[in-house]
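Chain by chain, the residues run as shown.
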Amino acid sequence: MKPRDPRIVDLLNEALTFELTIVNTYFLNARMLDNWGFPKLGTAFYELSIDEMKDCDSLIQRVLMFDGHPNVQRLGHIAIGESAEEILRLALASEVAAIAQFNAAAQECHDLGDHGTASVFEEMVRDEEEHGDWFEAQLEALTQIGVAGYLAQQVDVSTVP
Ligand SMILES: [Fe+2]
Ligand SMILES: [Fe+2]
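Below, the structure is looked at part by part.

Calculation notes
- Residues numbered from 1 in each chain as written.
- Chains lettered and ligands numbered in written order.
- Predicted model: local features only at pLDDT ≥ 70, side-chain atom pairs only at ≥ 80, totals over all residues.
- Heavy atoms only, no water.
- Donors = N, O, S within 2.8 Å, 3.2 Å for Na, K, Ca; no water.
- Helix = DSSP H or I, 4+ residues; strand = E, 2+ residues; numbered from the N terminus.
- Buried < 20%, exposed > 50% of the residue type's maximum accessible area, 1.4 Å probe, protein only.

What follows covers the coordination of the iron ion (ligand 2). Each protein donor to the iron ion (ligand 2) is listed here as Glu52 (OE), Glu95 (OE), Glu95 (OE), Glu128 (OE) and His131 (ND1); together their distances run 1.9 to 2.4 Å. Counting residues between consecutive donors of the iron ion (ligand 2) along the chain gives the motif E-x42-E-x32-E-x2-H. Here the iron ion (ligand 2) and the iron ion (ligand 1) are spaced 3.9 Å apart, with Glu52 acting as a shared donor. On the criterion of sequence distance, the pair formed by Glu52 in helix 2 (residues 39–65) and Glu128 in helix 4 (residues 115–145) is long-range, its members being 76 residues apart.

The next thing to look at is the coordination of the iron ion (ligand 1). Listed as protein donors to the iron ion (ligand 1) are Glu19 (OE), Glu19 (OE), Glu52 (OE), Asp55 (OD) and Glu128 (OE); their distances from the metal cover 1.9 to 2.5 Å. Take Glu52: its relative accessible area is 1%, and that puts it in the buried class. On the basis of relative accessible area, Asp55 is assigned to the buried category, the value being 6%.

Everything listed is a geometric property; what it means functionally is a separate question.
Listed below in structure tokens is the structure:
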């Protein structure tokens, strides 16, 4: 079926670019953290990258439903942290940016009369809020315990390959 306005497909594709960028970032972060010896935090990033991939899936399916072309070629800037703390700060910033972008997209969909697509964006906003809250909690724990104490909890010597 056709969208109410061609702009709807553009909004979905812009969100897809954002999500694909985050999938790649979190996936790389997961493997970097594993490689540094922090497999617990690495696993959390791995699971988050899969979560964001599911967002990509919903966006791709909705673009196809509107007979549009999902753009999987485009990626945004991938910001790679140089420490676990920097990775957490960058991840929180990306969730905050996602919330702003998807809230704006939902509003634009409502203005165009497409409440169905608006609700897809609204659901994604709630997911990103939960992710942002989780990153905030990690940074708070890190501040209260100290970096060394926090990172000591991320080590798992039982996971011998
Ligand atoms: Fe997402
Ligand atoms: Fe997220």
